[in-house]
Amino acid sequence: MPEIDEISFEQELNRRLDSWRQRRLYRELRRVASPQCSRLTVDGRSLLNFSSNDYLGLANHPELKQAAIRAVERFGAGAGASRLISGSLVPHQELEETLAEFKGTEAALTFATGYAAAIGTICALLGKGDIIILDRLVHACIVDAARLCGLKFHIFAHNDLNRLEYILKGLSTRGFSKHVLIVTESLFSMDGDHAPLREIVDLKDKYGAWLMIDEAHAGGLYGKNRRGLAEAAGVEERIEIQMGTLGKAFGASGGYICGSRTLINYLINCARTFIFSTAPVPAAAAAATAGLRLVRSEAGAELCNLLWKRVGEVDAFLRPKAASQDNNLPSAVIPLVVGAEARAVEASIALRDRGIFVPAIRYPSVAPGQARLRLSVSAAHSAADVASLIKELDVLDLAKPLVPRMTNDE
Ligand SMILES: *Cc1c(COP(=O)(O)O)cnc(C)c1O
């Protein structure tokens, strides 16, 4: 270990940061001086925004803003304490009632973020000796939860049902008697493809495992009532733990767990990120409730239709062949995988110079050497916005590296 006075704290951190810079993995915050919508004012320039998860354009919607303002007026700015102490305000209770009704579950519990929901829930449900089985591409919050509670984990190749069954069968052959939890995303955040939910549900039933589905990028967008991909696949009632965020299509912020009343009562008592954390500000809960109501309404259906129309326009340019694939759901997340980190950074800068804001997604968000431009389309985009995007991608010759979504599913 270096002597304290040989290498100072600052020098040590700079040495580490230099390594991130050399690998083209260094990241910086940009100052955005506008609300989230189809255009962003970034570092003083107005850019077309293809970077946000605000898929339905609700983050700056007048109904959500009004709901937040009214909540501030009635309930103040802060929540004062954790929900179990004195902070379980009417807006939080209303949000959970609305959420449970929307998802068609007995009950719901909200957390400050989806990240906190995952950590709190997984660590409450599983303990030492239990096993968690994860798709290789699940979100960092789930991997972190598994690490934090010291779980043994098995990872199956992305969407690989044979491998998942192999793991489950192995455990059952060995007579493993503790709990097994399978966790997957329904719509994958960085690849835009989806999990074979029906088959996964069949497998977990066959082997007596529990299942948690992270619908962060699917909630509000898929299924007859826009509850998510579990609804679209008709398997909602067979999933023990449905998780998601209110910060993406729903336009506000907060994480949620939906399921049985017993599950929710258990989490209220045992989820440490719920118990030991100040309740979200009332405005956040009220905005999320307004977002849910909007998604559920006729206006929500129209926004969804508009989103798929825009996605179709981008897809027609980027993946003309993919449209004919069976089982190929549209996705508002469209990755242009370029591989090398430096290439992704350069492509992102070139697009920004031409007025389009698309981030270079790199390790640790994706595997090293799998860097990409992650386009995300919103109902707030106009046909002209999409046409501009396509034109600039074409000029910069960026459409070529696209890996058709099909290869992800294989
Ligand atoms: C964004 C995201 C989360 C975390 O949700 P937050 O509310 O942003 O903390 C969890 N899982 C997935 C797949 C996500 O994309």
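The notes below deal with the structure included here. Since the model is a prediction, treat every value here as computed from it, not as a measurement.

Reading guide: rules and limits
- Residues numbered from 1 in each chain as written.
- Predicted model: local features only at pLDDT ≥ 70, side-chain atom pairs only at ≥ 80, totals over all residues.
- Heavy atoms only, no water.
- Salt bridge = Lys/Arg side-chain N within 4 Å of Asp/Glu carboxyl O.
- Helix = DSSP H or I, 4+ residues; strand = E, 2+ residues; numbered from the N terminus.
- Buried < 20%, exposed > 50% of the residue type's maximum accessible area, 1.4 Å probe, protein only.
- Pairing = 2+ DSSP bridges.
- Near = heavy atom within 4 Å.
- Polar contact = N/O pair within 3.5 Å; in protein donor to acceptor, adjacent residues only side chain to side chain.
- Nonpolar A, V, L, I, M, F, W, Y, C, P; charged D, E, K, R; others polar.
- Axes fitted to C-alpha atoms, helices over the stretch in contact; angles between N-to-C directions.
- Contact = heavy atoms within 4.5 Å.
- Expected span 1.5 Å × (residues − 1).
- Arc of directions from axis to C-beta.
- Right-handed = clockwise from strand over helix to strand, strands pointing away.
- Parallel < 35°, antiparallel > 145°, perpendicular 65-115°, else oblique.

**Side note on the pattern of salt bridges**
In this structure the tally under the stated criterion is 18 salt bridges. Taking the shortest distance from any N to any O, the salt bridge between E12 and R15 comes out at 2.9 Å. Of the two residues, E12 and R15 are both situated in helix α1 (residues 9-22); the distance of three residues between them amounts to about one turn of the helix. A residue is classified by how much of its surface remains accessible, and E12, at 17% relative accessible area, is buried. R372 is the partner of D191 in a salt bridge, and the nearest nitrogen-oxygen pair spans 3.2 Å. Note that D191 is positioned in the loop between β6 (180-185) and α8 (197-207) and R372 in strand β13 (residues 371-376), a separation of 181 residues in sequence. Both residues of the pair, D191 and R372, belong to the buried class. Put simply, D202, K204, D205, R238 and E240 are held in one network by salt bridges that share partners.

**Brief notes about the sheet that holds strand β2 (residues 45-49)**
Strand order across the open sheet formed by three strands is β1-β2-β11, with mixed pairing between neighbours. Two strands close off the open sheet at either side, each with one partner strand: β1 (39-42) and β11 (356-357). Two elements, β2 and β11, share two bridges in a ladder whose sense is parallel. Opposite L48, over in β11, you have I356 as the bridge partner.

**As for the site of the ligand**
With respect to spatial proximity, 13 residues lie near the ligand, and among them G114, D214, H217, T245 and K248 are the closest. A distance of 2.5 Å is found between an oxygen atom of the ligand and a side-chain nitrogen or oxygen belonging to H217. A per-class count over the shell around the ligand returns four nonpolar, six polar and three charged.

**Brief notes about the sheet that holds strand β9 (residues 255-259)**
Read from one edge of the open sheet, seven strands run β3-β9-β8-β7-β6-β4-β5, paired in mixed fashion. Here the strands that pair on one side only, and so sit at the sheet edges, are β3 (107-111) and β5 (152-156). Taking each pair of neighbouring strands and ignoring which way they run, the sheet shows an average axis angle of 20 degrees. Where helix α4 (residues 90-103) meets the sheet, it contacts β3, β8 (241-245) and β9, and its direction lies at approximately 125 degrees from that of β3. The sheet contacts of helix α6 (residues 140-148) involve β4 (131-135), β5, β6, β7 (210-214) and β8, and relative to β4 the element is tilted by about 160 degrees.

**Comments concerning helix α7 (residues 161-173)**
The end-to-end C-alpha distance of α7 is 18 Å, a good match for the 18 Å that 13 residues give at a rise of 1.5 Å each. Among the residues of α7, L164, E165, I167, L168 and L171 are the ones counted as buried. Relative to the axis of α7, the buried residues are bounded by an arc of 160 degrees and lie together on one face. Facing away from the buried side of α7 by over 90 degrees, the exposed positions are N162, Y166 and T173. Residues of α7 that are buried make contact with β4, β5, β6 and α8. The residue sitting at the N-terminus of α7 and contributing the capping side-chain oxygen is D160; that oxygen lies 3.1 Å from the backbone nitrogen of N162.

**Topic: the side chain of H217**
Position of H217 among the secondary structure elements: in the loop between β7 and α9 (229-233). A polar side-chain atom of H217 sits 3.5 Å from a polar atom in the side chain of K248.

**Looking at the pairing of β7**
Across the five residues of β7, four count as buried, placing the element largely inside the fold. Two elements, β6 and β7, share five bridges in a ladder whose sense is parallel. Bridge pairing in β7 places I182 opposite L211. Crossover β6 to β7 through α8 is right-handed. Pairing analysis gives three bridges linking β7 to β8, with the strands arranged parallel. Among the inter-strand pairings, I213 is bridged to a residue of β8, identified as Q242.

**Examining α8**
For α8, the full list of buried residues reads L197, I200, V201, L203, K204 and Y207. Viewed along the axis of α8, the buried residues span an arc of 160 degrees, placing them on a single side of the element. Its buried side turned inward, α8 meets α7, β6, β7 and α9. Looking one or two residues beyond α8, the residue adopting positive phi is G208, at roughly 70 degrees.

**As for the packing of helix α5 (residues 114-125) against helix α10 (residues 261-270)**
Where α5 meets α10, the closest approach of the two axes is 10 Å, and the angle between their N-to-C directions is 100 degrees. Judged by the inter-axis angle, α5 sits roughly perpendicular to α10. Only L263, Y266, L267 and C270 of α10 make contact with α5, whose side of the interface consists of T121, A124 and L125. Grouping the constituent residues of the contact of α5 with α10 by class yields six nonpolar, one polar and no charged.

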